Amino acid sequence: PRTKSGKLELSEKGTILLNEITEMPMGLQAKLLQVLQNKRFVRPGTSSSVEVDVRVLAASTTSIEHAISENRLREDLYYRLSAYTIHVPSLRERREEVPLLMRHFMHQLAKHYGLSPRTFSPATVEACQAYSWPGNLRELENFVKRYLMVGDKELAFDKSRSELEEVPQNAALTTPRSLNQPAPSPIPS
């Protein structure tokens, strides 16, 4: 029977990104480690060996040290993958970039949806810089998407809590919520 090529074969002589490597089941991590060491694997359902030459990038939003200590990431796999490591700090660790990222997302999203970009009030920018953004860039992008749709008129700034809250005037946003709670985006992603 004919079998189709897997992700590693399709990435031959190229690069594959393994996002959230710490969420990969341990059995699969062991198999991946073997492939990385031997540069070959046996395709499921066959007995033929397949050689692969692929660059592997692995990413995780969780601490690698914690994942290893909690047995969610094989230490030997980590050392095989970590020839070059890049640590990207969370958004709360680089708050000075928030205004630039807000403008970037606003122009990108406005162009995507065929709308005119909105400007952010100084209070909104200040509140966004004070907020911790636990969802990092995705949360900031979704906030800007909502802002593009409803603007400053629909948002209130509460200086005592340093949070932005949505005012329930828009039918798509029926209950007030702070940025600490997930909010559905008015535009499908």
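Everything discussed here concerns the structure shown above.
What you are looking at is a predicted structure, and each value in this text was computed from that prediction instead of being measured. (Residues numbered from 1 in each chain as written. Predicted model: local features only at pLDDT ≥ 70, side-chain atom pairs only at ≥ 80, totals over all residues. Heavy atoms only, no water.)

Before going further, it helps to examine the pattern of salt bridges. Applying the stated rule across the entire model yields seven salt bridges. Two residues, Glu23 and Arg72, come together in a salt bridge whose shortest N-O distance is 3.4 Å. Taken as a pair, Glu23 in the loop between strand 1 (15-19) and helix 2 (26-38) and Arg72 in the loop between helix 3 (64-69) and helix 4 (75-81) lie far apart in primary sequence, 49 residues in all. Between Glu70 and Arg72 there is a salt bridge, and its shortest N-O distance comes to 3.1 Å. (Salt bridge = Lys/Arg side-chain N within 4 Å of Asp/Glu carboxyl O. Helix = DSSP H or I, 4+ residues; strand = E, 2+ residues; numbered from the N terminus.)

Once that is clear, we can look at the nonpolar core. Leu8, Leu18, Ile21, Leu32, Val56 and Leu77 are the most contacted members of the largest nonpolar core, which has 19 residues in total. Every element with two or more residues in this core is listed here: strand 1, helix 2, helix 3 and helix 4. When residues of this core are assigned to their parent elements, the largest contribution, four residues, is made by helix 2. If sequence neighbours within four positions are ignored, Leu77 has contacts with Ile21, Gln29, Leu32, Leu33 and Leu36. (Core = buried A, V, L, I, M, F, W, Y, C linked by side-chain atoms within 4.5 Å. Buried < 20%, exposed > 50% of the residue type's maximum accessible area, 1.4 Å probe, protein only. Contact = heavy atoms within 4.5 Å.)

Purely geometric stuff here, so don't read any function into it on its own.
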